Amino acid sequence: MKQALGEFGGLLGAMALLVAVFALRSPTFLTPTTFLTIANQLPEATLVAVGMTFVILIGGIDLSVGSLLGLSSAVLGLALLRCHLPLPLAALLGVSTGFLIGGLNGLLTVRLRLPSFIVTLGMLEAARGATYLLTESRTQYLGGPVEKLTEGGIGGLTPPFWWALTTVLLAQVVLTKTVFGRNLYALGGSEQTAFLSGVPVARLKILVFAIAGALAGFGGLFNAARLSSADPNAGVGMELSAIAAVVIGGTSLTGGRGSVLGTFLGVLVITILGNGLAQLGVQEPLKRLLTGGVIVLAVVLDRLRYSKALA
Amino acid sequence: MIGQKVAAIVVAPADSKALVPICQKAAAAGIVVVNIDNRFDAAVMKDKQLTAPFVGPDNRKGAKLAGDFLATKLKSGDKVAIIEGAPTAFNAQQRKAGFEDAMKQAGIVIANSQSANWETDQANKIAAAMLIAHPDIKALLCANDSMALGAVAAVKAAGKTGQVLVVGFDNIGAVKELVKSGAVLCTVDQHGDQLAAFGIDYALEMLQKEATPTDKETPVDLITAETLKK
């Protein structure tokens, strides 16, 4: 705990500052409803950002996750509405879509020796195109069947929140306590060294992209559940906020250093910011300016602290 | 198309300025140009000396219709909030203006208005924040149905179903059941799927009559649980 406080001190401080500013400006911000609302909006962004952390840790990038989230929710919607499949099967189809295309991202990156930036940039376009084709660019209202995913829960927090939290903790344990996790750090540190010391580089890369895809798939599921509908534009631009969350969380864009816990805090910062600005009624142009500013500021604060710790 | 010597071009410009010069070239070549869906910028048209009739719906009027219907369910002094489309889109601005016209006329207070860029998810998050910051609002007026879906989910999550009304726009298939059940109070049909047909009809009419072209307004209809029963 003490270690975590030291590691994320700067970030937690920035978050406290953000909450304090909003609390001062808006009488309704510092209420349980606000925090429950924020928590229940977190799951998709969290899952996508966890996948992104893995990819960035090995020195890659995945720009396709937003589109994969949209595609998965479209597949889920069609499976429910057109094919009348039961929810578990439809959900499996949606998540598998993300998993398989994610795996394809990895396969192309490894086999064709292409930068993941290019492969996933292509997939960002292709998967969104496929989503529009499948849905005829129409929003589907899913209603009852998919809402089961958000029913139940504890203390006003929906099951997707608990799933996302579990994923964060599990991913953190996998990264720090397993051979798989250590291999990811090794691969991100130096691919050459990792390869020479017997890390199955190709297989690992493909697996990491597949995991990122599958997590985007789960994101699509939870997104559809929260909105009771599948929007063909779901997840547009999400890859960028996921990258922002990962970087705010202290993960190095060049790979080899970072954590999932940090990423989760990064997602929290971005989501708190979004809700706070909306509660204050800030208009779109200023909202974007401030969001961009906070992202850069959070990273600067974190780096300052990191370089001090090294000195 | 100018090279192919077509008789008429029906154009639905994504940008209301950039396509004006090329359409002017077409018009100069004797081709009938009809502008549908998104209106060409008046200043640029004047500058390029292009005359092309606009065939399309009056978004402001459509939004006013929906706002007027909402006003019959509320009373003067009640508070509402608007969820706008993309800030740069002309039809988003028109719909907002139409909602404002109706609210002003009925003496209803617009407590807050923010853009959710036409998207369900953004609308959901903004609506959720609005419901916290303005617990007394009675309705959310959304500039399209996709955003109305997000607003309905936010109202439900806040446990305010029935207390906060949701208004949409576009009459997409996804809201039909919700309009019937009352989760969405009303929406507006601009017959977007028929817009190109309206444009072509008008171009043919112009070719036959060779009359001076004037703008033509296409119908907008209010859709409520009542009209869906018919």
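In the block above lies the structure referred to throughout.
Structure report, in brief. (Residues numbered from 1 in each chain as written. Chains lettered and ligands numbered in written order. Predicted model: local features only at pLDDT ≥ 70, side-chain atom pairs only at ≥ 80, totals over all residues.)

What follows covers the overall build of chain B. The helix and strand inventory of chain B stands at nine helices and 10 strands. Each of the three principal axes of chain B carries a C-alpha extent, and together these read 60 × 40 × 30 Å. A buried classification covers 49% of the 230 residues belonging to chain B. Sequence-distant contacts in chain B: of pairs separated by 6 or more residues, those separated by 24 or more amount to 74%. (Helix = DSSP H or I, 4+ residues; strand = E, 2+ residues; numbered from the N terminus. Buried ≥ 20, exposed ≤ 12 C-beta atoms within 10 Å, placed from the backbone. Contact = placed C-beta atoms within 7 Å.)

The interface is formed by 26 residues belonging to chain B together with 28 residues belonging to chain A. Take the side of chain B that touches chain A: its biggest share by element is 10 residues, from helix 5 (residues 120-133) of chain B. Taken together, the residues that form the side of chain B that touches chain A break down as 14 nonpolar, eight polar and four charged. (Nonpolar A, V, L, I, M, F, W, Y, C, P; charged D, E, K, R; others polar.)

Attention shifts here to the nonpolar core. Formed by 142 residues in total, the largest nonpolar core has its most connected members in A:Val48, B:Ile83, B:Cys142, B:Ala151, B:Val166 and B:Val167. With 15 residues, helix 10 (residues 201-227) of chain A is the single largest residue contributor to this core. Those residues in contact with B:Val166, other than ones at most four positions away along the chain, are B:Leu140, B:Cys142, B:Ala148, B:Ala151, B:Val152, B:Val155, B:Ala183, B:Val184 and B:Leu185. Counting residues in each nonpolar core, the second largest holds 18 residues, with B:Val11, B:Leu19, B:Leu50 and B:Phe54 among its members. (Core = buried A, V, L, I, M, F, W, Y, C linked by C-beta atoms within 7 Å.)

Right, let's get into the sheet that holds strand 3 (residues 54-56) of chain B. Residues and elements named next belong to chain B. Pairing is parallel in the open sheet, where four strands are placed in the order 1-2-3-9. Each end of this open sheet is capped by a strand with a single partner; those strands are strand 1 (8-11) and strand 9 (216-217). Two elements, strand 3 and strand 9, share two bridges in a ladder whose sense is parallel. Following the sheet pairing, Gly-56 is matched in strand 9 by Glu-217. Against the sheet, helix 8 (residues 195-209) contacts strand 1, strand 2 (32-36), strand 3 and strand 9, and its axis sits at roughly 155 degrees relative to strand 2. (Pairing = 2+ DSSP bridges. Axes fitted to C-alpha atoms, helices over the stretch in contact; angles between N-to-C directions.)

All names here are of chain A. Position of Leu-81 among the secondary structure elements: in helix 3 (residues 65-81). Note on Leu-81: 17 C-beta atoms within 10 Å, which makes it partly exposed. Sequence separation between Leu-81 and Tyr-141 is 60 residues; the distance between their C-alpha atoms is 8.8 Å. Residues in contact with Leu-81, not counting those within four places in the same chain, are Gln-140 and Leu-142.

Let us now look at the pairing of strand 2 of chain B. Residues and elements named next belong to chain B. Counted residue by residue, strand 2 has five buried out of five residues, so it is predominantly covered. Alternating positions in strand 2 separate into two faces, Val-32, Val-34 and Ile-36 on one and Val-33 and Asn-35 on the other, with burial throughout. Here four bridges tie strand 1 to strand 2, and the two strands are oriented parallel to one another. Paired with Val-11 across the bridge in strand 2 is Asn-35. With helix 1 (residues 20-28) bridging strand 1 and the parallel strand 2, this β-α-β connection has right-handed handedness. With helix 2 (residues 42-47) bridging strand 2 and its parallel neighbour strand 3, the resulting β-α-β unit is right-handed. (Right-handed = clockwise from strand over helix to strand, strands pointing away.)

Take the packing of helix 3 of chain A against helix 11 (residues 238-248) of chain A next. Residue and element names in this part refer to chain A. The N-to-C vectors of helix 3 and helix 11 enclose an angle of 125 degrees; their axes lie 6 Å apart at closest approach. If you check the angle between helix 3 and helix 11, you find them oblique. Between helix 3 and helix 11, the residues in contact are Val-65, Gly-66 and Leu-69 and Met-238, Glu-239 and Ala-242, respectively. Taken together, the residues of the contact of helix 3 with helix 11 break down into four nonpolar, one polar and one charged. (Parallel < 35°, antiparallel > 145°, perpendicular 65-115°, else oblique.)

Here we come to helix 3 (residues 59-71) of chain B. Residues and elements named next belong to chain B. In this model helix 3 runs 18 Å from its N-terminal to its C-terminal C-alpha over 13 residues, within 8% of the 18 Å that 1.5 Å per residue would give. The complete set of buried residues in helix 3 reads Asn-59, Gly-62, Ala-63, Lys-64, Leu-65, Ala-66, Gly-67 and Leu-70. In this structure, the buried residues of helix 3 make contact with helix 4 (90-106), strand 6 (137-142), strand 7 (165-167), strand 8 (186-189) and strand 10 (221-224). (Expected span 1.5 Å × (residues − 1).)

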